[in-house]
Amino acid sequence: MWVSRLLLRDFRSYPQLSLDLQPGVTTFVAPNGWGKTNLVESIGYLAALRSHRVAGDQPLVRSGAEQATISALAHRGARQVTLEVTIRSKGANLARINRSPVRARDVLGLVHAVVFAPENLALVKGDPAERRQYLDDLLIARQPRFAGVIADHQRALRQRNALLKSLRSNRDPGLEATLDIWDEAFAEANAQLVLGRRQLLEELRAPVTAAFAHIASGAAEARQQVDLDYVSRLDYRGIDDARTAAEVVVAGLAQRRRVEIERGLTLVGAQRDDVELLIGGVPAKGYASHGESWSLALALQLAGWELLSGEDGVPDDQPVLVLDDVFAELDADRRRRLAERIDGAEQVLITAAVAGDIPDNLSGRIVDLPAHVAEAGADEQS
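Note that the structure is a prediction, hence the values are computed from the model and not measured.

### Structural notes on the overall build of the protein
Of the regular secondary structure elements, the protein holds 9 helices and 14 strands. The C-alpha radius of gyration of the protein comes to 22 Å, within 12% of the 21 Å expected for a compact globule of 382 residues. Projected onto its principal axes, the C-alpha coordinates of the protein cover approximately 70 × 55 × 35 Å. Looking at the 382 residues of the protein, the share that counts as buried comes to 49%.

If you want it as structure tokens, here you go:
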């Protein structure tokens, strides 16, 4: 798929921006501070309904404005759709599909995009929450129903934690009976989420391995090998159905109930799981070099992009690939190998601070963003 037109109003630094895009590779070149990351961030927001840079939506609304709007014309084969999301400072966000009002989450799945940015280094070096978010975003992109599963899990977790805190000071039998009910709800959503994550991780293993080996092909052979492992306090090995997985969760909660009440916190479940990343059989976190960490984070995003592209590799199914200021962090060899990896993609949007960061073997259109913004402003005034 690809996006042919992008309109921004009061989004980040842009009072207004209209941009025509085309298939293939487009590189936006601008010094730091010119809003090139803001531009590609908007594409990622349409795909995931969240920013890859900040936790909340408030920073996305330009200072002094009450709301920001992102509008795009997206193409998938012969089909096209116009979608618009309005991010509000107060109240729920709004959305439209082909000018008809819909719930904001109804736009999920209409634009597929995979964003790689400097923040993604946290996939390797950061906390488990970063790796959980990576899996969950990919799950939702592939199967939008998981947005509901994750919402159910979070709701049950909040209710459960509130009850545990109450029971810490008041062991009321009625409260404990209510906790049993939320245990079941939590276990059901948890089971679906964990099984989805584990299956996804199995599907990611091969493309991550291939992408990393290609990007790091100049390294010693042992340092080209990567592996992924889902880590949980509960034992799901050999379990592939949600009912049995839920029973494992309920048993785990029952075993730790006394300690959970003492601490007022749920101590087991998908919200505490992690993905262990290994390079050459050694944990990447804390042991990988800076270049290896970048290569592995990039391999994870490229693998997600390949999964979302579909097994037949039809360009219509390929997500838009966004590379935000990535080349500046890679040496010349890794830049060239990355350019080889993305060659032939239906649409790639890249940002770079200087033209010298762009590898020689990367073809496509180069846009001088400051010049484009100045020209657009002059057209608007005239």
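### Things to note about unusual backbone geometry
In this model, R12 sits at a positive phi of 55 degrees, which is unusual for a non-glycine residue. Turning to its location among the elements, R12 is positioned in the loop between β1 (2–11) and β2 (14–20). At D325, a residue that is not glycine, the phi angle is positive and equals roughly 55 degrees. In this fold, D325 is placed in the loop between β12 (320–324) and α8 (332–342). Assessed through its relative accessible area of 22%, D325 is described here as partly exposed.

### Overview of the environment of L349
Among the secondary structure elements, L349 is positioned in strand β13 (residues 347–352). Take L349: its relative accessible area is 1%, and that puts it in the buried class. Put simply, L349 and L39 are 310 residues apart on the chain and 9.9 Å apart in space, counted from C-alpha to C-alpha. Setting aside residues up to four positions removed in sequence, L349 forms contacts with L21, T26, F28, V40, I43, V320, L321, V322 and L323.

### Quick look at the side chain of E41
Note on placement: E41 falls in helix α1 (residues 36–48). E41 sits in the buried class, given a relative accessible area of 1%. For E41, the side chain forms a polar contact with the side chain of R12, separated by 2.9 Å. Once residues within four sequence positions are removed from consideration, E41 is found in contact with F11, R12, S51, H52, R53 and L60.

### Comments concerning the pattern of salt bridges
Using the criterion set out here, one finds 25 salt bridges in the structure. Three or more residues joined by partner-sharing salt bridges are found here, namely R160, R171, E176, D180, D183, R257 and E260.

### A word on the packing of helix α3 (residues 128–142) against helix α4 (residues 146–169)
Taken N-terminus to C-terminus, the directions of α3 and α4 make an angle of 135 degrees; their axes are 8 Å apart at the nearest point. Overall, the two elements α3 and α4 adopt an arrangement that is oblique. The segment α3 lies against α4, with D136, L139 and I140 engaging F146, A147 and I150. Its residues assigned to classes, the contact of α3 with α4 comprises 5 nonpolar, no polar and 1 charged.

### Some points on the side chain of T86
Within the fold, T86 resides in strand β5 (residues 79–88). Within polar-contact distance, the side chain of T86 engages the side chain of T69 at 3.4 Å. Apart from the residues within four sequence positions on either side, T86 is in contact with Q67, A68, T69, N93 and L94.

The rules behind the values
Residues numbered from 1 in each chain as written. Predicted model: local features only at pLDDT ≥ 70, side-chain atom pairs only at ≥ 80, totals over all residues. Heavy atoms only, no water. Helix = DSSP H or I, 4+ residues; strand = E, 2+ residues; numbered from the N terminus. Rg over C-alpha atoms; globule rule 2.2 N^0.38 Å. Buried < 20%, exposed > 50% of the residue type's maximum accessible area, 1.4 Å probe, protein only. Contact = heavy atoms within 4.5 Å. Polar contact = N/O pair within 3.5 Å; in protein donor to acceptor, adjacent residues only side chain to side chain. Salt bridge = Lys/Arg side-chain N within 4 Å of Asp/Glu carboxyl O. Axes fitted to C-alpha atoms, helices over the stretch in contact; angles between N-to-C directions. Parallel < 35°, antiparallel > 145°, perpendicular 65-115°, else oblique. Nonpolar A, V, L, I, M, F, W, Y, C, P; charged D, E, K, R; others polar.

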